[in-house]
Every structure is written in structure tokens, then in C-alpha cells.
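This is what each chain is made of:
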Amino acid sequence: MATPDQKSPNVLLQNLCCRILGRSEADVAQQFQYAVRVIGSNFAPTVERDEFLVAEKIKKELIRQRREADAALFSELHRKLHSQGVLKNKWSILYLLLSLSEDPRRPPSKALPRDAHSTPYYYARPQTLPLSYQDRSAQSAQSSGSVGSSGISSIGLCALSGPAPAPQSLLPGQSHQAPGVGDCLRQQLGSRLAWTLTANQPSSQATTSKGVPNAVSRNMTRSRREGDTGCTMEITEAALVRDILYVFQGIDGKNIKMNNTENCYKVEGKANLSRSLRDTAVRLSELGWLHNKIRRYTDQRSLDRSFGLVGQSFCAALHQELREYYRLLSVLHSQLQLEDDQGVNLGLESSLTLRRLLVWTYDPKIRLKTLAALVDHCQGRKGGELASAVHAYTKTGDPYMRSLVQHILSLVSHPVLSFLYRWIYDGELEDTYHEFFVASDPTVKTDRLWHDKYTLRKSMIPSFITMDQSRKVLLIGKSINFLHQVCHDQTPTTKMIAVTKSAESPQDAADLFTDLENAFQGKIDAAYFETSKYLLDVLNKKYSLLDHMQAMRRYLLLGQGDFIRHLMDLLKPELVRPATTLYQHNLTGILETAVRATNAQFDSPEILRRLDVRLLEVSPGDTGWDVFSLDYHVDGPIATVFTRECMSHYLRVFNFLWRAKRMEYILTDIRKGHMCNAKLLRNMPEFSGVLHQCHVLASEMVHFIHQMQYYITFEVLECSWDELWNKVQQAQDLDHIIAAHEVFLDTIISRCLLDGDSRALLNQLRAVFDQIIELQNAQDAIYRAALEELQRRLQFEEKKKQREIEGQWGVTAAEEEEENKRIGEFKESIPKMCSQLRILTHFYQGIVQQFLVLLTTSSDESLRFLSFRLDFNEHYKAREPRLRVSLGTRGRRSSHT
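Below or above, wherever it landed, is the structure these notes cover. These numbers come from a predicted model, not from an experiment. (Residues numbered from 1 in each chain as written. Predicted model: local features only at pLDDT ≥ 70, side-chain atom pairs only at ≥ 80, totals over all residues. Heavy atoms only, no water.)

## A few points about the overall build of the chain
Part 1: Assigned secondary structure in the chain consists of 34 helices and eight strands.
Part 2: Residues classed as buried in the chain amount to 45% of the 897 residues present.
Part 3: Long-range pairs, those at least 24 residues apart, make up 73% of the contacts in the chain between residues at least 6 apart in sequence.
Part 4: Carbon and sulfur atoms make up 53% of the accessible area of the chain, which amounts to about 46,100 Å² in all. (Helix = DSSP H or I, 4+ residues; strand = E, 2+ residues; numbered from the N terminus. Buried < 20%, exposed > 50% of the residue type's maximum accessible area, 1.4 Å probe, protein only. Contact = heavy atoms within 4.5 Å. Areas by Shrake-Rupley, 256 points an atom, 1.4 Å probe, with all protein chains shown as cover.)

## Things to note about the packing of aromatic side chains
Part 1: For the structure on display, the rule yields 20 aromatic pairs.
Part 2: Measuring from centroid to centroid gives 6.3 Å for tyrosine 297 and phenylalanine 307, while their planes differ by 80 degrees, and the two rings are edge-to-face. Taken together, the residues tyrosine 297 in helix α12 (residues 275-302) and phenylalanine 307 in the loop between α12 and α13 (308-341) connect sequence positions ten residues apart.
Part 3: Its relative accessible area of 3% is what places phenylalanine 307 among the buried residues.
Part 4: Following the ring pairs from residue to residue traces out a cluster consisting of Trp625, Phe628, Phe654, Trp658 and Tyr665.
Part 5: Sitting over the face of the ring of phenylalanine 307, arginine 301 holds its NZ or CZ atom 4.7 Å from the ring centroid.
Part 6: A cation over a ring is seen here: lysine 478 above tryptophan 450, with NZ or CZ 4.6 Å from the ring centre. (Phe/Tyr/Trp six-rings, centres within 6.5 Å; stacked < 30°, edge-to-face > 60°. Lys NZ or Arg CZ within 6 Å of the ring centre and 35° of its normal.)

## Some thoughts on the packing of helix α4 (residues 51-64) against helix α6 (residues 90-101)
Part 1: Direction vectors running N to C along α4 and α6 enclose 25 degrees, while the axes themselves pass 9 Å from each other. Between α4 and α6, the interaxial angle falls into the category roughly parallel. In this structure, the crossing between α4 and α6 has a hand that is left-handed. Where α4 abuts α6, its residues Glu51, Val54, Ala55, Lys57 and Ile58 lie against Lys90, Trp91, Leu94, Tyr95 and Leu98.
Part 2: Here the residues of the contact of α4 with α6 sort into seven nonpolar, no polar and three charged. (Axes fitted to C-alpha atoms, helices over the stretch in contact; angles between N-to-C directions. Parallel < 35°, antiparallel > 145°, perpendicular 65-115°, else oblique. Left-handed = near helix turned anticlockwise from the far one by under 90°. Nonpolar A, V, L, I, M, F, W, Y, C, P; charged D, E, K, R; others polar.)

## Looking at the pairing of strand β8 (residues 628-632)
Part 1: Within β8, five of the five residues are buried, which leaves the element mostly enclosed by the surrounding structure.
Part 2: Alternating positions in β8 separate into two faces, Phe628, Leu630 and Tyr632 on one and Ser629 and Asp631 on the other, with burial throughout.
Part 3: Sheet topology note: the strand β7 (residues 611-615)/β8 ladder contains five bridges and is antiparallel. For leucine 615, the partnering residue across the bridge sits in β8 and is phenylalanine 628. (Pairing = 2+ DSSP bridges.)

## Details of the side chain of histidine 548
Part 1: By the element assignment, histidine 548 lies in helix α23 (residues 545-556).
Part 2: On the basis of relative accessibility, which here comes to 2%, the residue histidine 548 falls in the buried class.
Part 3: One polar contact links histidine 548 to tyrosine 632, side chain to side chain, over a distance of 2.9 Å.
Part 4: With residues near it in sequence (within four places) discarded, histidine 548 still touches Tyr543, Glu606, Ile607, Arg610, Tyr632, Ile638 and Phe642. (Polar contact = N/O pair within 3.5 Å; in protein donor to acceptor, adjacent residues only side chain to side chain.)

## Observations concerning unusual backbone geometry
Part 1: Of note, the phi angle at histidine 434 is positive, near 55 degrees, even though the residue is not glycine.
Part 2: Tracing the chain through its elements places histidine 434 in the loop between α17 (399-426) and β5 (438-440).
Part 3: Phi angles above zero are rare outside glycine, and serine 544 is one such case at about 50 degrees.
Part 4: Here serine 544 is to be found in the loop between α22 (516-541) and α23.

## Overview of the state of the cysteines
Working definition of a disulfide: a covalent bond connecting the sulfur atoms of two cysteines.
Part 1: If you walk through the whole model with that rule in mind, you get zero disulfides.
Part 2: Here cysteine 18 stays free of any disulfide, with the sulfur of cysteine 17 as its closest cysteine sulfur at 6.9 Å.
Part 3: According to the relative accessible area criterion, cysteine 18 is buried, its value standing at 15%. (Disulfide = S-S within 2.5 Å.)

## Observations regarding the environment of threonine 432
Part 1: In this structure, threonine 432 sits in the loop between α17 and β5.
Part 2: Between the C-alpha atoms of threonine 432 and serine 306, which are 126 residues apart in sequence, the distance is 8.7 Å.

## Quick notes on the nonpolar core
Part 1: In this structure, Phe563 and Phe687 are the most contacted members of the largest nonpolar core, which totals 197 residues.
Part 2: If you tally residues by element for this core, the top one is helix α29 (residues 688-730), at 17 residues.
Part 3: In contact with phenylalanine 687, other than residues within four places in its own chain, are Leu681, Ile782, Ala786, Phe826, Ile830 and Met833.
Part 4: Ranked by size, the runner-up nonpolar core spans ten residues in total, among them Leu62, Ala71, Tyr95 and Leu98. (Core = buried A, V, L, I, M, F, W, Y, C linked by side-chain atoms within 4.5 Å.)

## Remarks on the side chain of serine 758
Part 1: Looking at the secondary structure, you find serine 758 in the loop between α30 (734-751) and α31 (759-805).
Part 2: By relative accessible area, which is 8% here, serine 758 ends up buried.
Part 3: In terms of polar contacts, serine 758 uses its side chain to reach the side chain of aspartate 755, at 2.9 Å.
Part 4: Beyond its immediate sequence surroundings of up to four residues, serine 758 is in contact with Ser750 and Leu753.

Structural data, given as C-alpha cells:
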């Protein structure tokens, strides 16, 4: 009768270990402890607890083995068993029977060395037990319970029948099992027990006897031969899975390593693998390559401070995605560790296979591919350019990929939106690494703040922000800084803008991206309109911007007619003198006199204070007319509109208009001379021809100047000013006013023939002006000579009458002869005067003809119509063949050219 100790499970298990290993109790202590832990562990199958499914698997297995009768019998027995309520865990029993029916035969794998346990987190997973039947005879022999041709009993026989009988080849006194038995145990107890068995077996065990089956002998011999030579290795799927899990982290496995030359992971060439396993392993190893690519980028950029906040946010987003990826890997490693800790799986297939890894890593692979593509596309980019690169990947039809990239974009764009909101609500720009699309130049002085200090970095404008939005963003912050620094207006922005909202978190940025066209656009528009309106109100009310603009029109563009005419009258005695004899303080006094005597006196004192006289650079032979100019001093905020370039344009236009006004003034004096001297010279009939030529030439010049003045005053100045004033009244920001003002100046400079394209026209016009001055000089000389002659004749007649009154002869013969001689000399000078006038007329008409030819070929339609008005009676057309082309043909020809 057995004692109680002999009946305890521990004693039975210890005896079983001794019988299986053929050793004493002291030698099997380690294996006994491991077996206790295996039996005491809570094994859970990796399949669903479905009784019907297990029954179907058993029937299919019987049919696969061509045991249709057994399958029918099993189906009938299972139906009867299902109707009985005796058994409670039917699924467990059926699953046990299915597991016992599986054949654990497989080629022996090379045992790992004892120190394999020293590798961190690198444990061998339990060996799977696939069916590997060799032939039908082996199956029938195995089903009868004998050792059969394989020499290895199934798990059920090993576990239920006790120790297997020693084969005939076992020598007397030998205390270890044959290789076949060791292989059976290695399959049953898992890889950890296999490492112990292999380490404890002596090297002489490599020999086998005839009693061992040939298949096992060949397998064991080949396995040991491969272990000795290292030429080829037969790798199990479990080893590949373990390697793949490390490759997923960018760590080389034992059989899968990175090939630096080809930049990819490759399975060792000497590995004995099927093509399907090799291809599957290579496909899975792509995740490791993608992981390395992303990790390399983040490691390089995370420590680079010059990469900026946007770049660091991008790296943080990549790290966040990698953490999710690492979480999946930790789950896979924990599953592998759990199977290792549970020891022998007793024939249950592992949950970690290459095929299952392919399925489980499908979504992570898509994510890593997307991230790797982003990393490639974002190389060398930073700031807003980096955000644009990420945003480009949101334009995809794949919702999974789009949601991933949108999440990353919300993190990446958060610093950009923080920059943006701080700029538009506070006017502050703290862009240390030049990531924002608004750039600041600290070297620019305050007077050029609006024009030069703040600019757009077009490369840094994110693609989700339009150019119009970025321009408004620039104007908002620029307006705030302009108010604070130039206008000295310290009004808080909260009073300018009703509502402020900042991007407090990436979630706010993500919400904003969902409504870029409405919410984001609304914020920008509100801040833009309110800030710009406040700035324009300050400029108009506090600094009288529009009043200064009108003052420019009245004084520098000669719009105040009474003032300009009176000023010319007062300046004439001074300006006819050489330019070197002029003094600015004298001219300033004359200017003040003209202001007090005309309607200019009613202007604002602020405007009159800025009005001044300026003398241009003096050239040899210049008179005061050539160097005189009015000036208007601008400073403070209005200097932003009336810049130095604008004031130089105003001075150029003023000089042109002043010269044209002077021509009108000269011709007025010429006509006045005609009217005054006509009656005086009536008693000199020989002089009538000269007077007629003067009248004709002066009339031509008056017509020319009147048409030019009409063109300049109405078609150029008034029309351009009306357009400017309308634009200024409708302007939404200061840039609109500046742009409209610049267009106004460019238009009048172009139409006043002061631009580079009209240089030839301007030269001809100045030549016409010179001929007018020549006519004035010539007429003054003629009138002077005529009036002197008239004075002498009157004196001679007066002397003659006086003598007759005194009772003397009125004139002596000598005096009469002398008088006749003098009159004859005067008459002889008249043809010379006529010739001088004809030459002057010829030169003038030639210049005007050339001027008209240039006008007809001009691209400006208003200049072509000016040529029509200048030659309305076709006087010059009859003389110049080039003017005989119709006006419509001229326009078509000029448009083709």
C-alpha cells in the first residue's frame, strides 16, 4: 500500500522527471521546479472558447486523414454527449482531445547557449507544434500507441503512459536519454528546458545506433553537423518573430540585420528558410527601416535649437506617434514574455506568427510610411515652410492618412498661430529663429517703419493661409506698431479690437483648421478692419492727412490759381536776375506777401507753416526762373505717405508746371505788348509787316500753350486727382492710401512727359518753351528799336513845331537830310527783323511738327488726342507728310508696335 507521501502530486511529478530524464532527484531539481511552475500556472488557450468550432476542427482533421467513418462516429458521439448534462466543461475536453491528436514531430532546432538569458528582453518563445506527418503508415502506427517508424511518441503518450521504454540502442549503464527522447522533451517543455538539456548532454551523444529511427537520426546528425560547421542554419518561425520584434525597434536581430550598402534589412544569406518566410520577414522588417528613418530625423533635430518652435513641435508630434508605435511593440513583447513565462505550451500554437504580425502591423505601417514621407518632404524646412509641407499631405482621399496628418498639422501649426495671434492682437513679434512669415528689421528707423521695417517672408507663409490673409496679418501688426511708435498713441489694442482670442492649445489650432474659410477668416478680417479704421481716424483727425494732401494739390501742383499768379507778379523782378544773385530770405518774404494778399491766407496755420521756398542747384547761365521752387515740409506720421521719393516727384512736377505757367505768363506779356504798342506804332506803316509776323507767331504759340495747359490741368491733374480722392475716401487701410497716392504721382509724371519713356517728347516740349522765350526776347528787341525810332521821330516833329512857333525855319536842310538818313537806316533794319522772325517761326514750327509726330506714335491715347487738338486745322499736317495718317490708323499702328 502506498504511503501518503507517494500519493502527493509533488512526489509523483518528481518521480516523473527522474524517469523521463533518467537521473537522480538531485540532478533534476531545476527541471522539477520548472515543471511545478508550469503545472501551477494558469494556462489560457489563445483561441475562442467555442465548442462547436472545436468539434468542427476535429471532424475536419479526421476527414483530412481519410477517416470518414471515425468522423461520422465522432459526430454521433458528440451529439449524444451534448444531450447529456453530466459533463460541464465539454469545450475543454474537446480541446484536449484535439491537442492530443496533433503530432509534435518537427526537425530539431539548434539549441541556444546557456548565456542566451543574459540578453535583455530576449527570451525564446515556446516552440510551436505543427503537424508534420511523413506518411500514412506512420499515422496508423502512431494511432495504435506504438513507437512506430518515427521513434517519438505523441504528447499524449509521453504524458499519459509514463516513461517510454528505453530503445534497444541504449547501452547498459548509460544514464541519459537517446536523442529522439531528448527531442521529444525539447518539444514538450519549451526552449528554456531545451537549453538545459542540450548543455548537460555529453558530446559523445552525437552517435546513434540502429535502434533509433533513421529520420530522427538524420535530423539530429544534420542539426549537430550544422551547429558544428555553421555553414547553414535552419531557423524556426519563432526565432524570426523574435528577430522581427527587435527589428521593429531598429535593433539588429540574430538572423535579420541592416545592410548598410543597400539601406535595408536583410535575412542572413546562410539561413535555411523557405521563400515565403523570407519574403514575409523582409516585408515586416520595413517597419524597422521606417522607424529608423523617423527616429534618425527626430534625434538630429530635437537638439537643434535653430530648428525653431515649429520644428520642435514637428519632432514632438513624431515622438508622440512613435510612442503609440512603441506601445504596440510593448504589447507584442509582453505577449512573447507571457508565453515564455508560462513555459511549455503543450502543443498550442503561439499567438505571435509572421502572418499575424503582418495583419497587426498593417495600420502602424501606413502611419510610419506617412511619417517617413513627411520626414523626407520636410528635410531642410523650418517655420511656416515646414507647416506648408505638412499641410500638403492633408490633400489626400485617404481619411485615415488625412486624419493623421491633420493631427500632426495641428501640433506643428500651433507655434505659427501663437505667433500670429500675438502679432495681430499685441503687435509683438518674438521670432527668435525666423519662423514666422512676418519679418522685422531692427536697423530701420522710425520714419521708415511702415515701409521697410516689417515685411513678408513669402517662403514662410503656410499654405493654409492665403496671400490676402497674410497681407492683412502684416498690416494689423504694422498698424499697431505704427500707432505706438510713430503716432505716439498708446491706446490698448483691446479698445481697437472688440474680441481677442489666442491659440491656447493645439486643440484650438485643430478646431481652427476645420473652419479656415469662416472662423479664421473672420478673426483676421475683424482685427484688420478695426485696427485699420482706428489708424486712419488718428491720421485724419489728429494729423490732418487729407488736409495736407489738398495743400499739396493747391501749392505744389499750382491748384491755387490766384496765389500762383500773384506770386509770379511779385517774383518777376527777382527771378529775371541771375540765379547766383538770389537770396532765399528775400524770396520767403515775397511768398508770405503773396499768401497774405490771396485766398491762401485762409488756410490752416499748420499748412502755411510748412509752405516754403527752395532754390535748386544752380548751373552756369541760370536765371531765377530756372532755380526757384516751392517746398512743403513733412514730418511725423504724414511723412509715411509723403515720403522723400514722393516729395522729389512733387518737385519735378512743380518745376514742369512752373515752367509751363511761365510760358503762359510770357505769352500774356507778349499779347499785352501787342495791344499796347499797336496804336503807338500806327504812324509807322513800314513796321506793320513786322508786327503782323509777331502777331501770327505769338498766336501759334498761345494756341499751343493753351492746349498744353488744358491737357495738363484737366486731363492730367484734375482727372488723376479725382481718382486719388475717391480711392482715399474708400481706403480701408493706410497701404491703400499710400498705393493710391503713388499711382497718382506715377500717372501725372508719365502724362507730364517726365518719365524715361517720354524723354524725347519732353526735350521737344522744352525746345518749344525755349522758342517762346526767344520770341519774347526778339519782340522786346524789335519793340525797343521801334519805340526808340518813334521817340526820335516825335522829338524831331516837336522840335520842328517849336521852331515854327518861334518864327524860325522848322528844319534846316542838313537836319532834314540827317533825319531822312536815320529813317532810311531804320527802314533798312526792318527786313532783318522780318528775317529774324521768319527764322524763329521756321524753327518753332519744325519743333512743333516733330513734337506732333512723337505724339502720334505715343502709346498713351490722351497724348494722341492732344496731337489732334494741337493741329485741329491741319496746319502742320499740310507741311509734314508723317502727320497725314488718320488718327484711328495712328492708334492701331501704335498698338501693333
